[in-house]
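# A look at the structure
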Amino acid sequence: MPYLGALLLTIAVELPIVVALAPRPMRRRALVDGVAFNLFTHPLAWLAVLHLCLGWWPVEAAVTLTELALYRGLTRLSWPRAALVACAANGVTAALSFLF
Amino acid sequence: MTTRGTIFALSGVLLTAALAVAAPLWTYALTLALFGLPHVAAELRYVDTRFGARIDRGLAHALWAGLLAIVLLRVATLAGLGAPSQRAALELSLGAALVLCVAPRLLRRGLVYAALGAALIALALWAASVRPLDAIVWFAVLHNLTPVAFLAERLRGETRRRALHWCLFAFGVMPALIASGAAGHVLAALGASTAASVPPGIGGPEQHLGAFVPSALRDGALALDLFRAAAFLQCLHYAVVLHVLPRLGAGDAAPAAPFCWPRGRWVPDLVTAGYLGLAVAFGLAFVDARLVYGTFAAVHAWIEVPVLALALASLPLGAAAAVGARA
């Protein structure tokens, strides 16, 4: 799959999950932030796995932890909610990556 | 930020990204020659006014000693003394020593901060023993992110949150997209040339990729994209240091006996002459001028490691100033 396709697919899959799991008053903010966070982590993960030949699992874990910190620090979700959003969204796309 | 300011900042970031992708070596060389030295002075000034009160005399002496040793190492580079990997390993070890200087204060703040300091020291020493030259390159690249830490430390509340969103976009998303090659594809699709043209008289790309690209990645197709991302980050670093930080000023930092910045009437002339001299030197012998500039750059980059470690530990402002004036 070409890179831009992978990026758009990831965003398309993760955003509904992020919006669904974010508290209702924060959904709009979570939507915008979710796009930004994916635009940040996805290219770096792509680089790390395909060009730097780093392991898939450590990279996926690093992406999840980074997004967790960003959802907590910038979106201001609570720690448990940020962990839930980051783990669920990345868990689903990670599972999908085995299919595509 | 006003709508006008937002549009101005967004246009600036996107235009810089386009320039860095289309002409990375031009962007790197021109901005280094024009803004390199002024940004070092501005950044040191900011560090002094914002963090000076938190550094007491004893700590200042220890830090100056470490920095002097780093300057001597860089002078050794100019003189061609020693092997590059040995000099790099020594510089990283001195960096670890700088963090060691603030370790007692980190320990006083708590075990988490002490562990952070220990991790920094261990990382520097490990890099010094394993791949010192690559570690120095990574250090140069990561140094470009320090304005994010300065803004996070300086701002509060909603302003801080908004600034960090901007930083995520400018210092995170854009470089990631450039490094992945996505930005290059977009620009090529728009019809722009993305060939690596080189400014005349500064040598080929191979002489400059090493400034930002570790040796293991220098031969691959990825090298130029990584260089583009780093050149873009360098521009943003200069922009924030020269344009944003001076406007923010020291803020709520306690007034301290500031570093004795020279004040004579001759100072502006001397500074201007030095700046113009180095700018001309960049035009005449870019690689040699970069070595000289590297000495100044090393001082401002390394001093920020212990300073930011202290800032992270959120030591109370002015606590040190109450104890005594710093050197």
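All of the points below concern the structure found in this document. (Residues numbered from 1 in each chain as written. Chains lettered and ligands numbered in written order. Predicted model: local features only at pLDDT ≥ 70, side-chain atom pairs only at ≥ 80, totals over all residues. Heavy atoms only, no water.)

On a plain count of helices and strands, chain A comes out with 4 helices and 0 strands. What you see in chain A, going N to C, is helices and strands ordered as α-α-α-α. Taken over C-alpha atoms, the radius of gyration comes to 13 Å for chain A, in line with the 13 Å a tight globule of 100 residues would show. Buried positions account for 42% of the 100 residues belonging to chain A. Contacts in chain A between residues far apart in sequence, at least 24 positions, make up 67% of those at least 6 positions apart. A total of about 5200 Å² of accessible surface is found on chain A, and carbon and sulfur atoms cover 74% of it. The distance from the centre of the 7 positive side-chain charges to the centre of the 4 negative ones in chain A is 15 Å. (Helix = DSSP H or I, 4+ residues; strand = E, 2+ residues; numbered from the N terminus. Rg over C-alpha atoms; globule rule 2.2 N^0.38 Å. Buried < 20%, exposed > 50% of the residue type's maximum accessible area, 1.4 Å probe, protein only. Contact = heavy atoms within 4.5 Å. Areas by Shrake-Rupley, 256 points an atom, 1.4 Å probe, with all protein chains shown as cover. Lys, Arg positive; Asp, Glu negative; His and termini not counted. Charge placed at Lys NZ, Arg CZ, Asp CG, Glu CD.)

Our focus in this paragraph is the environment of Ser97(A). All names here are of chain A. Structurally, the position occupied by serine 97 is in helix α4 (residues 79-97). You can call serine 97 partly exposed: its relative accessible area is 34%. The sequence separation of serine 97 and leucine 77 amounts to 20 residues, and the corresponding C-alpha distance is 27 Å. A distance of 2.5 Å separates a polar atom in the side chain of serine 97 from the backbone oxygen of alanine 94. (Polar contact = N/O pair within 3.5 Å; in protein donor to acceptor, adjacent residues only side chain to side chain.)

Residue and element names in this part refer to chain B. Judged by side-chain polarity, Trp26, Leu30, Leu34, Phe35 and Leu242 come together as a nonpolar surface patch covering roughly 420 Å² of accessible area. Looking at which element gives the most residues to the nonpolar patch, the answer is helix α2 (residues 24-51), with 4 residues. Along the chain, the position of leucine 30 falls in helix α2. You can call leucine 30 partly exposed: its relative accessible area is 46%. (Patch = residues over 30% accessible without salt bridge, like charges linked within 9 Å, V, L, I, M, F, W, Y side chains within 5 Å. Salt bridge = Lys/Arg side-chain N within 4 Å of Asp/Glu carboxyl O.)

Quick look at the nonpolar core now. By size, the foremost hydrophobic cluster in this structure holds 80 residues, and its most contacted members are Phe232(B), Phe282(B), Tyr293(B) and Trp302(B). Sorting elements by how many residues they give to this core places helix α10 (residues 222-248) of chain B first, with 14 residues. Residues within four places of Trp302(B) in sequence aside, it is in contact with Leu67(B), Ile70(B), Glu91(B), Leu92(B), Gly95(B), Leu98(B), Ile136(B) and Phe139(B). Counting 28 residues, the second-largest nonpolar core is a separate cluster that includes Ile17(A), Tyr71(A), Val85(A) and Leu168(B). (Core = buried A, V, L, I, M, F, W, Y, C linked by side-chain atoms within 4.5 Å.)

This part takes up the packing of helix α4 (residues 84-109) of chain B against helix α5 (residues 111-130) of chain B. All names here are of chain B. Two elements in contact, α4 and α5, have axes whose closest approach is 8 Å; the angle formed by their N-to-C orientations is 170°. Classified by the interaxial angle, the pair formed by α4 and α5 is roughly antiparallel. Where α4 approaches α5, its residues Ala89, Leu92, Ser93, Ala96, Val99, Leu100, Leu106, Leu107 and Arg109 are matched on the opposing element by Leu111, Tyr113, Ala114, Gly117, Leu120, Ile121, Ala124, Leu125, Ala127 and Ala128. Taken together, the residues that form the contact of α4 with α5 break down as 16 nonpolar, 2 polar and 1 charged. (Axes fitted to C-alpha atoms, helices over the stretch in contact; angles between N-to-C directions. Parallel < 35°, antiparallel > 145°, perpendicular 65-115°, else oblique. Nonpolar A, V, L, I, M, F, W, Y, C, P; charged D, E, K, R; others polar.)

Another point: the packing of helix α1 (residues 3-22) of chain B against α10(B). Residue and element names in this part refer to chain B. With their axes 9 Å apart at the nearest point, α1 and α10 run at an angle of 140° to one another. One finds that α1 runs oblique with respect to α10. Judged by the sense of rotation from one axis to the other, the crossing of α1 with α10 is right-handed. Across the interface between the two elements, Val13, Thr16, Ala17, Ala20 and Val21 from α1 touch Arg228, Phe232, Cys235 and Leu236 from α10. Taken together, the residues of the contact of α1 with α10 sort by class into 7 nonpolar, 1 polar and 1 charged. (Left-handed = near helix turned anticlockwise from the far one by under 90°.)

On to the state of the cysteines. Residue and element names in this part refer to chain B. In total, this model carries 0 disulfides over all chains according to the counting rule given. Free of any disulfide, cysteine 167 has its nearest neighbouring cysteine sulfur in cysteine 235, separated by 16 Å. What makes cysteine 167 buried here is its relative accessible area of 7%. (Disulfide = S-S within 2.5 Å.)

A few words on the environment of Leu291(B). Residues and elements named next belong to chain B. Structurally, leucine 291 can be placed in helix α12 (residues 286-312). On the basis of relative accessibility, which here comes to 35%, the residue leucine 291 falls in the partly exposed class. For the pair formed by leucine 291 and valine 75, sequence separation is 216 residues and the distance between their alpha carbons is 8.9 Å. Ignoring sequence-local partners within four residues, the contact set of leucine 291 consists of Thr77 and Leu78.

Let's shift gears to the pattern of salt bridges. All names here are of chain B. Considering all chains together, one arrives at 7 salt bridges over all chains under this definition. Salt-bridge contacts for aspartate 134 lead to arginine 131; the nearest nitrogen and oxygen are separated by 3.1 Å. You can call arginine 131 partly exposed: its relative accessible area is 43%. The salt bridge partner of arginine 162 is glutamate 158, with a shortest N-O separation of 4.0 Å. Note that arginine 162 and glutamate 158 are positioned in helix α8 (residues 157-179) at a spacing of 4 residues, about one turn of the helix. Its relative accessible area of 43% is what places arginine 162 among the partly exposed residues. Of the residues examined, glutamate 158 reaches a relative accessible area of 39% and is grouped as partly exposed. Several salt bridges share partner residues, and in doing so they unite Arg50, Arg54 and Glu153 into one network.

Below, the discussion takes up the packing of aromatic side chains. Applying the stated criterion across every chain yields a total of 13 aromatic pairs over all chains. Centroid distance Phe37(A) to Tyr71(A): 4.9 Å. Interplanar angle 75°. Geometry classified as edge-to-face. Separated by 34 residues along the polypeptide, Phe37(A) in helix α2 (residues 27-51) and Tyr71(A) in helix α3 (residues 56-73) bring together distant segments of the chain. Neither residue differs from the other here; Phe37(A) and Tyr71(A) are each classed as buried. Ring plane angle 75° and centroid distance 5.5 Å describe the contact between Tyr28(B) and Phe212(B), whose orientation is recorded as edge-to-face. In this pair, Tyr28(B) is assigned in helix α2 and Phe212(B) in the loop between α9 (182-189) and α10, connecting sequence segments 184 residues apart. By the burial criterion, Tyr28(B) is buried, and Phe212(B) matches it. (Phe/Tyr/Trp six-rings, centres within 6.5 Å; stacked < 30°, edge-to-face > 60°.)

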